[in-house]
Protein chains: 2
Amino acid sequence: MITIKDIAKAAGVSHTTVSRALNGSALIKPGTREKIAKIAADMNYVPNYSAKNLVTKKSNTIGLFFSSLEQGTSSSFLVDALKGIRQSLNENYMLTVSGIDEVDSYESVHPRRFDGLLIMSQSERDNRFIYHAKAAGIPLVVLNRQLDDPSIPNVASEDRRGGRAAAEHACEMGHRRIAIIEGRQGFKSADERRQGFIDGLLARGRAPDPLYFAQGDYSIESGRAAMEGLLALNDRPTAVFCCNDDMAIGAMNACYERGVRIPDELSLIGFDDMMFAAYTNPPLTTVRKSVAGIGREGTELLLRLMERSDAPIEQRFIGCELVRRESVADLRGQSRRS
Amino acid sequence: MITIKDIAKAAGVSHTTVSRALNGSALIKPGTREKIAKIAADMNYVPNYSAKNLVTKKSNTIGLFFSSLEQGTSSSFLVDALKGIRQSLNENYMLTVSGIDEVDSYESVHPRRFDGLLIMSQSERDNRFIYHAKAAGIPLVVLNRQLDDPSIPNVASEDRRGGRAAAEHACEMGHRRIAIIEGRQGFKSADERRQGFIDGLLARGRAPDPLYFAQGDYSIESGRAAMEGLLALNDRPTAVFCCNDDMAIGAMNACYERGVRIPDELSLIGFDDMMFAAYTNPPLTTVRKSVAGIGREGTELLLRLMERSDAPIEQRFIGCELVRRESVADLRGQSRRS
DNA sequence: GGCATAAATGTTAACGTTTTCATCATAATG
DNA sequence: CATTATGATGAAAACGTTAACATTTATGCC
C-alpha cells in the first residue's frame, strides 16, 4: 500500500507538499503539483480515507435511512430515490443504506460516522430517529414526508395538491359519487392526500360523503379489501381515488373478480405513477410524484447544509402531476341529465 | 467527543486497558471490564471508526454494486436483495450501494475502502469491474448471475431449472405450440432460461420451433413488442414463456389490446414472481426466484471469505419454484384428440 | 544590492485507536 | 520462602493523513 510519504520520497519533497499538491492547495507551484500528480498516478496512489477522516473529523459518508426495509411500502421507491440521490452526489462520497427499524442502538448514528443523513420517512414513528439524529448534531434532511416542524429541512411531494388534482379530475369528468381509499393511518401522506381529495371535491361544489371514505394501508391487499366494501354499497361510487398505485391495483383485482368493468362501470385513479401504472388493464390514470426528484433536491439541500451550517433550513415541496390514461370514464353528457 | 482516554482517566487505568476491555480481550479482569464498560456507557462513548480502521487496516464497509441503477432492470430487485443482505449482515458493518456504471474510476474500488464486495451482476459487461476488484484483492461474491469462472465465488438462481420447469408445465397442461420471449441478449440469465426452456421441451418430446423464439430485453415494452410478433403468426402459439415478469406484463398488454383472452386463447408464464405477479389479470403463473435468498446466502459466503482467506470458493445455486396461478389454460383432453 | 514581502516548502504534532513489548502483581511450584 | 510462570496492566510506537507553525526561496521595491 503506497502512501504520500512514498510519493514524497520519489518526488524529493516533503509529504506535506504532496498532501497539499494532491488536495489542490493554492500554495503549491504549478510545476511541483503536476510532477507530484504524475508520480502519484504512476504509483497508483489511493488515499487512505481512514487517516484522512481521522484528522479532518469527517466520515465521508452519507447515510440513507429508510422507514422500513422489511415491509417495504413500495419497492420502486428505493431505486428511484437512489437514482436521484446518486445524480447529485459526488462519486467519492460513500452512501450507505439502512432501515430505520433495523438500527437497534441509536449510538451508531453519530456525527463521526455520518457527515449527513437523508431520511426517507413515512410516518411519525420515525420522529424518534429524526430527533435523535438532530440532537446528535448531524446535518439531515427528511425526504418524502411533510413535517410540521419548520426547524427540520424537508423535501417532499405536494401530496395535498395531488389529491386535489385527482378529485377535481373525477369531478370534471362528470363523476358525482366519488370515493377514496385512504393510505395508512398515521402516515402524513395519507392525511394530506385525503385532505387534498376533500379540498378538490369542495372546490367543485361536491360534498364529501362519509360513506365513500374507505380505509386502506397502502398495501395491495388493503386496496382490494377496501374496494370490496365500496362495491357492496347500495349506491356504488362511480369513481374511486386510491391513495397509491399499489392499492389501485388491489382495487382493480376486486373489480376483476366481481366482473366490474373499468372504467365503464367504475373509474379508478391512483397515486405515484409507478412503472406498472401504464401497464395495468386498463392503464391507470394516476398522480405522478417524482421520488427521484425528491432524492435529487434533498441531496442538494443536504450538501448545502453540510457545507455551511448557517445555510437556510428549507422545506421544499415538489409538484405532482395528474397523468391521464384510461381508467377514468367520461361521464359528461350523462351527468347533465341525471 | 469522548475518547478512550477520557474513559481511562475516569476509570483510573491506561487507555490501553480501556481498549482491551471494550474489545473483549481475554487478559482483562472481569471486574475491570465491567467497570470500564459501565463508565463507557455512562459517558456515551462511541468508538471512532476512522482511528480504528486506520490501525487495523480494515474499512468496516461492504460495498454492494449494482449492474445498473440507471436502467434498473427490475425495481423490486434492489429492495429484495437488500433485505436478504441485511438479514445476514452484522449491524455494525456499513453497507454502501452504488451502480457499477457510475464508478468512473476504478481506483476507488480498493481494499482500503471495502472489506468485501457484493456484486449484483446481470451481464458480462460487468466482468471488467469484477476482475478489477478481484485483482485488487478484495474478497467478493458475484450475485444473481451465473459465472463460468470457477475461481469466483458466486450465488445465483438456477435459471436453467426454472426455464425447464416453465416449459414442462406448459407441456403437462397439454400445450404443443409453445413460444418463448427471451431476455436481454448477452445476459447470462437469458441464455440459461432459454436453454432450460429447450431442455424442458425436449424432455417432453417436443421439438423447439425457431419460429416461436422471440427476442426481448427484459423490459415491459420488449415483452409487448415480442408478443405482437407472436400474435401475428399464422400458427399462433398457445402458450408463451416470458423470461421475466416485466415482459409477461408487456405481453399481457399486447393481448389486451388485441382482445386476445388469457388464458383461454393464450397461456402465459413469467419468471421472477415479483410482487405484482399475483395481481395481474389474470394472476400470472410464474417461476419464483428468491432474490432475498441470493442476498442472504451471498452475504454469508462473503463473510466467510473475509474471515479466512482460505475459505472455499463456492458457486451456489438457489432453486426456483413454479407457482401456478391462472394464466395457463389446461388443454388436456383437447390435445389428445388434436 | 539590500530589505521587506510574498510564495513555496519543510518540521512537527496531532487525530484516536491497536499492538508490541515491557512491567508489575499474583498465583503456583518445589 | 525463593523462584518461576502467569495474569493483568501500562508505555510507547505506529497507522496515514492534515494543519499550525517555522523556514527557506523568490520577487518587488527603492
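The residue count restarts for each chain, going from 1 along the sequence in the order it is written. Written order decides the labels, with chains lettered from A and ligands numbered from 1. Under the rules for a predicted model, residues below a pLDDT of 70 receive no local features and side-chain atom pairs below 80 are neither given nor counted, while totals for whole chains, interfaces and linings still include all residues. Water and hydrogen atoms play no part in the side-chain values, which are based on all heavy atoms of the structure.

## A look at the side chain of Ser-67 of chain B
All names here are of chain B.
Argument step 1. Per the convention used, a helix needs a DSSP run of H or I reaching at least four residues, while a strand needs a run of E reaching at least two, with both numbered from the N terminus. Along the polypeptide, Ser-67 turns up in the loop between β1 (61-66) and α5 (75-88).
Argument step 2. Residue class for Ser-67 comes out buried when judged on its relative accessible area of 12%.
Argument step 3. By the criterion applied in these results, polar contacts are pairs of N or O atoms within 3.5 Å in which, for protein atoms, one can donate a hydrogen and the other can accept it, and in which residues neighboring in sequence qualify only through two side-chain atoms. Of note is the side chain of Ser-67, whose polar atom sits 2.5 Å from the side chain of Asp-126.
Argument step 4. Residue contacts follow a heavy-atom distance rule, with two residues in contact if any of their heavy atoms lie within 4.5 Å. Those residues in contact with Ser-67 that lie beyond four places of it in its chain are Ile-100, Asp-101, Met-120, Ser-121, Gln-122, Ser-123 and Asp-126. Only protein chains enter the area calculation, which uses a 1.4 Å probe; residues under 20% of their type maximum are buried, those over 50% are exposed, and those in between are partly exposed.

## A short note on the protein's contact with DNA strand C
Argument step 1. Residues in close proximity to DNA strand C total 30 residues, the closest being Ser-14 and Thr-17 of chain A together with Ser-19, Asn-23 and Tyr-45 of chain B.
Argument step 2. Protein-adjacent atoms of DNA strand C, using a 4 Å cutoff, are sugar or phosphate at a proportion of 59%.
Argument step 3. Residue Thr-17 of chain A places a side-chain N or O atom 2.7 Å away from a phosphate oxygen belonging to DNA strand C.
Argument step 4. Within the side chain of Tyr-45 of chain B, one N or O atom sits 2.7 Å away from a phosphate oxygen of DNA strand C.
Argument step 5. Elements with a minimum of two residues in the surface near DNA strand C: α2 (15-22) and α4 (49-56) of chain A together with α1 (4-11), α2 (15-22) and α4 (49-56) of chain B.
Argument step 6. If you tally residues by element for the surface near DNA strand C, the top one is α4 of chain B, at five residues.
Argument step 7. Polar here means any residue other than Ala, Val, Leu, Ile, Met, Phe, Trp, Tyr, Cys and Pro, which are nonpolar, and Asp, Glu, Lys and Arg, which are charged; Gly is therefore polar. Of the residues belonging to the surface near DNA strand C, the class tally is eleven nonpolar, 13 polar and six charged. Nearness here has a simple test: a residue counts as near a molecule or strand if at least one of its heavy atoms is within 4 Å of that partner.

## Focus: the protein's contact with DNA strand D
Argument step 1. As a matter of local geometry, DNA strand D sits amid 30 residues, with Ile-4, Ser-19 and Tyr-45 of chain A together with Ser-14 and Thr-17 of chain B nearest to it.
Argument step 2. Of all DNA strand D atoms lying within 4 Å of any protein atom, the proportion belonging to sugar or phosphate reaches 64%.
Argument step 3. Residue His-15 of chain A places a side-chain N or O atom 3.0 Å away from a base oxygen belonging to DNA strand D.
Argument step 4. Arg-20 of chain B is positioned with one of its side-chain polar atoms (N or O) 2.8 Å from a base nitrogen of DNA strand D.
Argument step 5. Secondary-structure elements contributing two or more residues to the surface near DNA strand D are α1 (4-11), α2 and α4 of chain A together with α2 and α4 of chain B.
Argument step 6. With five residues, α4 of chain A is the largest single contributor of residues to the surface near DNA strand D.
Argument step 7. By residue class, the composition of the surface near DNA strand D is eleven nonpolar, 13 polar and six charged.

## Remarks on the interface of chain A and chain B
Argument step 1. Opposite the 55 residues of chain A that make contact, chain B presents 55 residues.
Argument step 2. Here the quantity called buried area is the accessible surface, traced with a 1.4 Å probe, that two parts lose on coming together, added over both. Carbon and sulfur atoms make up 60% of the area that chain A and chain B hide from each other, which totals about 5,000 Å².
Argument step 3. Among the residues chain A hides against chain B, the three largest losses belong to Arg-112, Arg-113 and Tyr-279 of chain A. Together they make up 16% of the total.
Argument step 4. Throughout this description, the term salt bridge denotes a Lys or Arg side-chain nitrogen within 4 Å of a carboxyl oxygen of Asp or Glu. At the surface where chain A touches chain B, the tally comes to zero salt bridges.
Argument step 5. Where chain A touches chain B, the interface holds twelve residue pairs in polar contact (both at pLDDT 80 or more).
Argument step 6. Within the residue set of the side of chain A that touches chain B, elements represented by two or more residues are α4, α5 (75-88), β2 (94-99), α9 (220-231) and α10 (245-258) of chain A.

## Here's the deal with the sheet that holds strand β6 (residues 178-182) of chain A
Residues and elements named next belong to chain A.
Argument step 1. In this analysis, strands are considered paired if DSSP registers two or more bridges between them. Strand order in the open sheet made by the six strands is β7-β6-β8-β9-β10-β12, with mixed pairing throughout. Of all the strands in the sheet, the pair left with one neighbour each is β7 (213-215) and β12 (321-323). Neighbouring strand axes in the sheet, compared pairwise and without regard to direction, differ in orientation by 20° on average.
Argument step 2. In this sheet, strand β10 (residues 285-288) lies alongside strand β9 (residues 267-272) in parallel orientation, the contact comprising four bridges. When the sheet's bridge partners are listed, Asp-272 is paired in β10 with Arg-288.
Argument step 3. For every element, the axis is a line fit to its C-alpha atoms; helices are fit only across the contacting stretch, and the angle between N-to-C directions ranges from 0 to 180 degrees. Sheet strands touched by α9: β6, β7, β8 (239-242) and β9. Its angle to β6, the strand with the most contacts, is close to 150°.
Argument step 4. In this fold α10 packs onto β6, β8, β9 and β10, with an angle of close to 155° to the strand it touches most, β9.

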